[in-house]
Each structure stands twice: as structure tokens, then as C-alpha cells.
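Okay, here's what each chain looks like letter by letter:
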Amino acid sequence: MRIAVVGGGPGGLYFSALARQLSAQVGPAPHDITVWERNAADDTFGFGVVLSDETLGGIEHADREVYAAMEAEFARWDDIDVHVKGEVVTSGGHGFAAMSRKRLLQILQSRCSELGVDVRFSTPAPDVAELSRDYDLVIAGDGAGSAIRSRFADSFGPSLDVRDCRYMWLGTDKVFDAFTFYVTQTPYGVMQIHGYPFDATRSTFIVEMASAVWDRAGFAAHVRDWRPGESDHESIERIRGLFGDVLDGHQVLANNSRWVRFTTVRNEHWRHDNVVLLGDAAHTAHFSIGSGTKLAMEDALSLAACLHEEPSLDAALKAYEIERKAVVASTQRAAQASLEWFENLGQYVDQDPLQFGFNIMTRSRRVTYDNLRVRDPEFVERLDRWFARHEQRRGHGTGETRPPMFQPFSIGSLELHNRVVVSPMDMYVAEDGVPNEFHLVHLGGKALGGAGLVMTEMVCTSPEGRITPGCTGLWSDEQRDAWRRVTDFVHQWSPAAIGLQVGHSGGKGSTRLMWEGMDEPLDEGGWEVAAASPVPYRAGVNQVPRELSRSEMTSLTQEFVDAARRGAEAGFDLLELHCAHGYLLSGFLSPLTNQRTDDYGGDVHARLRFPLQVFSAMRAAWPADRPMTVRISATDWVDGGQTLADSLVVARAFADAGADAIDVSTGQVASSERPQFGRSYQTPFADAIRNRLGVPTIAVGVISSYDDVNSLLLAGRADLCALGRAHLYDPSWTLHAAVEQDYDGPGAPWTPSWRAGRRKPQVGRTDGPRPRLQLVRDSAFGRGGTAHRRWRPGG
């Protein structure tokens, strides 16, 4: 084939070298590959690049000459140092390799020259229409600002997310001996440095801060229209002064160094006819996880292999996009978590340095408590001891060291024996709102399974407040007495507390049982629904609710009060008010569903008025010695909906009114939502409420492993973790988590009748976390006909 490569960065050059080699193995002549690079051969922007062991493994298998040349240049280290509040927190065992970006380009340029690739420096590429006509394949490796991507935007479907923080990429002749973070309080606010060595004499030195801090520091005054390659020397001089103690007399090196805001690039599709995206043109990932060059070189390896293995160009490009998009999406989720952590850095500066160090190391959710235990067991043991003492000072526990999830926690005057909550989950099997034997076994089994707190499903305040005909209620004494059977069992046979969640479906009521069609309206036997405003959940599908009158709101408040009173009589230990997921009170909180023009609609304070009135009335009726919590949707995941800023106001108001904790969920308010699903994806909202307001929080949402729970608690992102589906899969999830961690002590209560079943599984057990399989593309590079699988503990 004739292949045109636009962009002579690491991705474009590496692809060219690999594709040329592979084609020479099978054809009468190798691919004819031409690379256009508008910059000179010795131009490069940036300083060092960091590559993972996984990427290096792929490079080693694919081109040993390139790998050997790179290996000779690597700066390798194992430690992460976090400098904060005058202390240094160090964790080892991480394994990094970095090298000069300029030297990497020289190696790849030399390799391309050896292989006969035509690389044209200081030469803009011809128009892409001409290239796509004259060449069989066009590689768009022209960077994050890709002109080719813009040209075919309708096909690629790009999205560009420009973030808040300002950063500047610099170098220094100070050689850091670890991957180093400096977090510094300045007169203008908190600033941070990301630093790492990339050769024997130099380090990368990135300065980053929130835009508000950048503005207060006066850096905006230095911004102007820059010439290509020009650096902002006025700002650099300011940086020398601000971080003089870090630099310790060493130089700051500039190379096209000026303030920028990171842009996350995503594309719905990576191909337009015979034009395909590669590297930053297809995707970007925040520099805090060091993945730009890594991803570009992995793209190159994958694309070259697909071209070699697949029977046609069309099949190869399809295979490349399928293979790489999933990997890139995973990396971008981790990078997004890391990026947002740094954007919100100010909410963590009051943490103890040791907790802060753990927090920064686990920010992307890829490094975790268990992962660190394998890398640096002494560090994790130190953290466990610190957490036990810290929580004791806060009034939780005795200071005994144990895994964080098994430390006790008090909500108000209610002490829970561990930090695990069985999340409220609707079962849809009640008749006339009365819980039955299923609820007894379901909730009783979860209590026997070791959780500290077991929550009911949303228990409705009236027949009209049900979501489906199978929902439970507390509008009658018969229902109260049936619930008493459940609470009596939990209290008699387990140390767990049991909580009651009370709510009203609002405009999302009168629907089918979940397995008959979730959120689908009933064909018969339905009832009229009412809500804050006449806004249906799905226009043309669900009922248009009747807008509640003031007198109806008064009656509804009494229904909530009556349910709270019956809940106390039924023996529940905790009461939670459901103000999430688009149900009645959530419908008042969200601007999407509350369009009222009276005192109960408008800004967040007005929208909050009715839910707060209901809560206050329930709090007055609920026993003073028993705690209350509130579940909220912290964001609607829809433009114009509830935001984190709104939710901070809501959480503060409920806490001031007597809520002992906020149970932080998201979404389910509008059918048009676009949630950012992923591991622990709702936790950042609980994190913000806890660390900005000082209000205890319960985190929920795709928390499925004990490692997740320990990581979130130890980092200070939540006080309790609620798990739903994990408990459906394994009702004894908490006890089994204790076994997996070799823990047998307080907080992991085996009932005597079951204790004989407590044993460590022997088959397939390893010391440490389960390994994560990692694929290395070997088949195209002489290592057999299928991809070889290898693993290492922790990944």
C-alpha cells in the first residue's frame, strides 16, 4: 500500500517503522510510507515522556531495536514523593520509566530512516483530499488540534472538553529522585507541581493551578498573542520566585512554555473513508497519568498489527477502532478522575499529610488500597494505623488497627459496627404495600451477611406514592406490624442496624414492575400522578403529572410524618428521606422538573423549600435519639439540571436542619441524562460534600469490591459506602470481604451458626489482589498465531 502519515510525532513515526517492517515480511515490496512533519527534525515541544511497563512490553515484542535504544536512555524509579504541609509522604514499588521526548523522536527518526520510510521535515502535508485520492491510507497523527479531524468533523464526531486549570510545561536541571508532587499554599491559593526525572541531568517540571488562583496571582497580565515556539518568560520568572524552595537554586528550562488549559479530545468514530485518526488527534488523556505518548504508541502498534493481520484495509481499520477505543475509554476515565481531582485540590488541603498522600496516589482509581499493599505493604500498614487513631479522635472506634471498612462509625448516636451499607433496592414484590416473607429473608439475610447498616427499599407514604403496585408502604398499621417482624429479626440475630427509607414516587409513579418494563406505564390499574410541575419523565410515554397545590403539599407532608411515626414504632434504627432519582421531593429540587412560579420554584433555595419542610416535620416526629439521613441526586447529568453547586446548597441546608449524613446518588431525574458511568463514578459528589462542607456522606454507585470501599474510606472521600448489586450477588459480601483480607475481628460478625463456614478458599488463591490480565499484541510480531496473555499482581 501507499500510506500517507500526517504528523511526525512518536505515534506517526512508530507506526511507520512497524508497518514498514511487517509489510516487508509478507509482500514482494514493503509499504510505501511517507511522513509529513511541519516542524524541523530537531524541533520538539515538551521535555520528558513517561511510559508504562505494559507499553514497553509491547514495544519490546514489536521492535527490539527501538526498545533497546530506548532502554539505554531510560530514567527508572519506583517511588512517589508527595510534599505537602512541610512533610514528605513516600510510597515505593510503583515502577516508572521516562526519557527525553527529543531523544525518543531521534530514535524513531533513525529507525524510520533505516527502514526506508520517507520522512519530510519542515514540510506541511498536502491537502487531505489530495492525499486520500493518491494514497491507499491516510494517517491523521496531526495532534490534539488536528486540522484533518476538523475537516471531517461530521464523520469523526469530535468533542473537545476544555478544562478549568491552567498549567505550564517546563523543565529544570534539578534531578528529582522520584515522581514528585509539590502542593504549595501561596498567597493566591493552592498550586501544585508535577515533576519527574527523564535523564541524568534534567526533570520535567509542570506547574498547575485552578483558573481562579491563576487570576489572583496575576498571570493573566502576561498573556498575549505568542509567536510559534515562544515562551512566557515573565510568568516563568514569577514561577522561579514562587517555587524557589523547590528549585533550590536550579534553573527553570523553557521550551514553547506558556499557560494552557487541558483539552480532553474524544471522537465518536476514528475513521472517514481511508483516513484514520491516531494519537492525540483521536484522544487525549490528562498529563497527570502520563498517557499521551503511551496511548499514541499503543495506537501505532495496534494499527500496524491490524493492517498486517486483517484480510482487507476496511477490516483492518474496523478492527483497529474496536480494539483501541475500549482501551482508550478506560484510560480516559482514569485520566478524567485524576484531572478532576486536581481541579478540586483545594478541598483536600486540610487533610493530614499521610491521608493526602494516599488520596493523591489513588485519585485515578487505578491505584488502590490493595494495589498499594502489594507495592508497598509498610506504607499501607502505616496508613491503617493512622486511620484507626484518626477515627478514634473523631469519636469512631477504639483506635484498634483493622482494614478501614471494618472500623466502626457513628451516625448521630447510632454506632455501626463497620462502614458497609446495603443500599436501598426496590424489590417490587409487596401486596397492597405490605412487606412479606421475601422482605424478611432479603433484608434479614443481608444483616446476617455482615453489613453494618441494612436499608429498606423506598417505602411509600401512600398508595398513590408507589412507583409500582409491588412497592412497600407505611400508610397503615398492618404495614407497620409487618415491618416489625423484619426489624425484630435483624436485631435478634445480627449486630446490624436497619434503616427505613421513606419516599413518594411523584411523577414517576403508576408504572409496571421492573421486569415487566421499567418506567413503563401500567396498562390497567394505574392511578393519577402528581408532582412539582406537569413535566412527564418521558414525554408521550409517561403520564403528565398534575401540579400539586399548596393544600396537597400540606397533606403530603402529613403522610411523610405519619410514615416516620410508624417507622419508629416498627423499630427502625435510622430514617432516610428519599430526595433523589426524580421522585416527588427530587422533582422539587431539580430545575428540570420544577417549573413552578410560586414560592416553591425558582432558584435552588426556593426549590429546596418544600423538601426541607417535609424533612423538618419528619425530624420533629422521629425520635431525637435516632439519626436521619437524606438521599439526594447530586447532579441530573443533563445541561440545565441540578449541579454540584446546587447540591452543596441542598446538603448544607439538610445538615443544618438536623440530617446526620447525606446519601449521595445522582441522576434518574430525566430520561435524557448522560451519566459518566464508571468505577465509583458517583463518589466525587460525596467527596465534595464531605470535604467542602464537613458533612458525613454515604457514597454509592458502582462500588463493588472491598478494595474500592477501603480506598474510598482511607482517602477521606466518604464515611460509609453503600453497595446494592454486590449484595444481590452475594448476601454475605461483607463477611466474605473479611475472609479475602484475612481479617477475623470486630466489625466482621459471623453468627455462631455460620462460623464453621468461615474458611479461606484454597483453589486458585494468590497472595495479594487478583491479577489483571493484560494483552500484548504478539501475533503480528512473530510470537505465534494468537495474542499471548501475561499477568502480574496488581497490573
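Residues numbered from 1 in each chain as written. Predicted model: local features only at pLDDT ≥ 70, side-chain atom pairs only at ≥ 80, totals over all residues. Heavy atoms only, no water.

1. Overview of the overall build of the protein
Step number 1: In terms of helices and strands, the protein carries 26 helices and 31 strands.
Step number 2: With respect to the principal axes defined by its C-alpha atoms, the protein has extents near 85 × 60 × 55 Å.
Step number 3: Across the 795 residues in the protein, those meeting the buried criterion constitute 59%.
Step number 4: For the protein, the exposed surface amounts to about 31000 Å²; the carbon and sulfur share of it is 48%.
Step number 5: On the protein, the mean spot of the 81 positive side-chain charges and the mean spot of the 103 negative ones are 2 Å from each other. (Helix = DSSP H or I, 4+ residues; strand = E, 2+ residues; numbered from the N terminus. Buried < 20%, exposed > 50% of the residue type's maximum accessible area, 1.4 Å probe, protein only. Areas by Shrake-Rupley, 256 points an atom, 1.4 Å probe, with all protein chains shown as cover. Lys, Arg positive; Asp, Glu negative; His and termini not counted. Charge placed at Lys NZ, Arg CZ, Asp CG, Glu CD.)

2. Comments concerning a positive patch on the surface
Step number 1: Positive charge collects at one region of the surface, where Arg382, Arg385, Arg389 and Arg393 lie side by side.
Step number 2: With respect to the element layout, arginine 385 can be found in helix 15 (residues 377–393).
Step number 3: By relative accessible area, which is 39% here, arginine 385 ends up partly exposed. (Patch = residues over 30% accessible without salt bridge, like charges linked within 9 Å, V, L, I, M, F, W, Y side chains within 5 Å. Salt bridge = Lys/Arg side-chain N within 4 Å of Asp/Glu carboxyl O.)

3. Overview of the sheet that holds strand 2 (residues 32–37)
Consider a sheet: its strands pair through backbone hydrogen bonds, and that pairing is either parallel or antiparallel.
Step number 1: Spatial ordering of the open sheet is given by 8-2-1-9-17-16, a layout of six strands whose pairing is mixed. Looking at which strands have only one partner, the edges of the open sheet turn out to be strand 8 (118–121) and strand 16 (271–272).
Step number 2: With two bridges joining them, strand 16 and strand 17 (residues 275–277) adopt antiparallel strand pairing. Looking at strand 17, one finds that arginine 271 is bridged to valine 276. (Pairing = 2+ DSSP bridges.)

4. A few points about helix 17 (residues 477–493)
Step number 1: Helix length check: helix 17, at 17 residues, gives a terminal C-alpha distance of 24 Å against a target of 24 Å (1.5 Å per residue), a fit within 8%.
Step number 2: Here helix 17 has its buried residues at Gln479, Arg480, Ala482, Trp483, Val486, Thr487 and Val490. Around the axis of helix 17, the buried residues are gathered within 165 degrees of arc, so they sit on the same side. For helix 17, exposure combined with an orientation more than 90 degrees from the buried face picks out Glu478 and Gln492.
Step number 3: Where helix 17 is buried, its residues meet helix 16 (437–448), strand 21 (453–460), strand 22 (497–503) and helix 19 (550–569). (Expected span 1.5 Å × (residues − 1). Arc of directions from axis to C-beta. Contact = heavy atoms within 4.5 Å.)

5. Digging into the nonpolar core
Step number 1: If you look at the biggest cluster of nonpolar residues, it comprises 116 residues, and the most contacted ones within it are Val82, Phe356, Met405, Met618, Phe654 and Ile662.
Step number 2: Apart from the residues within four sequence positions on either side, phenylalanine 356 is in contact with Val82, Val84, Val183, Trp341, Leu345, Tyr348 and Gln351.
Step number 3: With 63 residues, the next largest nonpolar core counts Ala19, Val49, Val117 and Ala335 among its residues. (Core = buried A, V, L, I, M, F, W, Y, C linked by side-chain atoms within 4.5 Å.)

6. A closer look at the confidence of the model for the protein
Step number 1: Residues with a pLDDT of 70 or more make up 95% of the protein, whose mean pLDDT is 92.
Step number 2: Scored below 50 in pLDDT, residues 781–795 shows 44 contacts in the model against residues more than four places distant or in partner chains. (pLDDT = per-residue confidence, 0-100.)

7. Regarding helix 19
Step number 1: End to end, helix 19 covers 29 Å across 20 residues, agreeing with the expected 28 Å (1.5 Å per residue, within 8%).
Step number 2: For helix 19, the full list of buried residues reads Met553, Leu556, Thr557, Phe560, Val561, Ala563, Ala564, Arg566, Gly567 and Ala568.
Step number 3: Backbone geometry just after helix 19 places glycine 571 at a positive phi near 95 degrees.

8. Structural notes on the side chain of threonine 186
Step number 1: Along the polypeptide, threonine 186 turns up in strand 11 (residues 179–186).
Step number 2: At 2.6 Å, the side chain of threonine 186 and the backbone oxygen of glycine 189 are in polar contact. (Polar contact = N/O pair within 3.5 Å; in protein donor to acceptor, adjacent residues only side chain to side chain.)

9. Digging into the sheet that holds strand 28 (residues 697–700)
Step number 1: Pairing is parallel in the closed barrel, where eight strands are placed in the order 20-21-22-25-26-27-28-29. Averaged over all neighbouring strand pairs, the angle between strand axes comes to 25 degrees, with direction disregarded.
Step number 2: For strand 26 (residues 628–633) and strand 27 (residues 661–665), the ladder comprises five bridges, and the chain directions are parallel. Note that in strand 27 the partner of valine 630 across the bridge is isoleucine 662. (Axes fitted to C-alpha atoms, helices over the stretch in contact; angles between N-to-C directions.)

10. Describing the packing of aromatic side chains
Step number 1: Under the criterion given, the structure shown has 29 aromatic pairs.
Step number 2: Ring centres 5.9 Å apart and planes at 85 degrees place the aromatic pair tryptophan 36 and tyrosine 135 in the edge-to-face group. A residue pair is termed long-range when its members are at least 10 positions apart, and tryptophan 36 in strand 2 and tyrosine 135 in the loop between helix 5 (128–134) and strand 9 (137–140) qualify at 99 residues.
Step number 3: What makes tryptophan 36 buried here is its relative accessible area of 5%.
Step number 4: A centroid spacing of 5.6 Å and a plane angle of 90 degrees characterise the contact between tryptophan 637 and phenylalanine 685, whose relative ring orientation is edge-to-face. (Phe/Tyr/Trp six-rings, centres within 6.5 Å; stacked < 30°, edge-to-face > 60°.)

11. Re the side chain of aspartate 63
Step number 1: Relative to the elements of secondary structure, aspartate 63 occurs in the loop between helix 2 (53–62) and helix 3 (64–71).
Step number 2: A distance of 3.0 Å separates a polar atom in the side chain of aspartate 63 from a polar atom in the side chain of arginine 111.
Step number 3: Excluding residues within four positions of it along the chain, aspartate 63 makes contact with Leu18, Gln21 and Arg111.

12. Looking at the environment of valine 89
Step number 1: Among the structural elements, valine 89 can be located in strand 6 (residues 87–91).
Step number 2: By relative accessible area, valine 89 is classed as buried at 1%.
Step number 3: Here the alpha-carbon distance between valine 89 and phenylalanine 181, two residues 92 residues apart in the chain, equals 9.8 Å.

13. Concerning unusual backbone geometry
Step number 1: Despite not being glycine, lysine 85 has its phi angle at roughly 55 degrees, a positive value.
Step number 2: As for its position among the elements, lysine 85 is in the loop between strand 5 (80–84) and strand 6.
Step number 3: With a phi angle near 60 degrees, serine 510 is a residue other than glycine that sits in the positive phi range.
Step number 4: Along the chain, serine 510 falls in the loop between strand 22 and helix 18 (514–517).

14. A short note on the environment of aspartate 598
Step number 1: Tracing the chain through its elements places aspartate 598 in the loop between helix 20 (584–589) and helix 21 (604–621).
Step number 2: The spatial distance from the C-alpha of aspartate 598 to the C-alpha of glutamate 37 is 62 Å, given a sequence separation of 561 residues.
Step number 3: Polar side-chain contacts of aspartate 598 include one of 2.8 Å to the side chain of arginine 596.

15. Description of the packing of helix 3 against helix 4 (residues 101–115)
Step number 1: The N-to-C vectors of helix 3 and helix 4 enclose an angle of 150 degrees; their axes lie 10 Å apart at closest approach. What the angle tells us is that helix 3 and helix 4 run roughly antiparallel. Here helix 3 runs over helix 4; the crossing is right-handed. Taken together, the residues of helix 4 that come into contact with helix 3 (itself represented by Glu65, Val66, Ala69 and Met70) are Leu104, Ile107, Leu108, Arg111 and Glu114.
Step number 2: Classifying every residue of the contact of helix 3 with helix 4 gives six nonpolar, no polar and three charged. (Parallel < 35°, antiparallel > 145°, perpendicular 65-115°, else oblique. Left-handed = near helix turned anticlockwise from the far one by under 90°. Nonpolar A, V, L, I, M, F, W, Y, C, P; charged D, E, K, R; others polar.)

16. Considerations on the packing of helix 13 (residues 353–361) against helix 15
Step number 1: The N-to-C vectors of helix 13 and helix 15 enclose an angle of 125 degrees; their axes lie 10 Å apart at closest approach. Classified by the interaxial angle, the pair formed by helix 13 and helix 15 is oblique. Of the two elements, helix 13 crosses helix 15, and the hand of that crossing is left-handed. Counting all contacts with helix 13, which are made through Leu354, Gln355, Phe358 and Met361, the residues of helix 15 involved are Phe379, Arg382, Leu383 and Trp386.
Step number 2: Of the residues contributing to the contact of helix 13 with helix 15, the split by class is six nonpolar, one polar and one charged.

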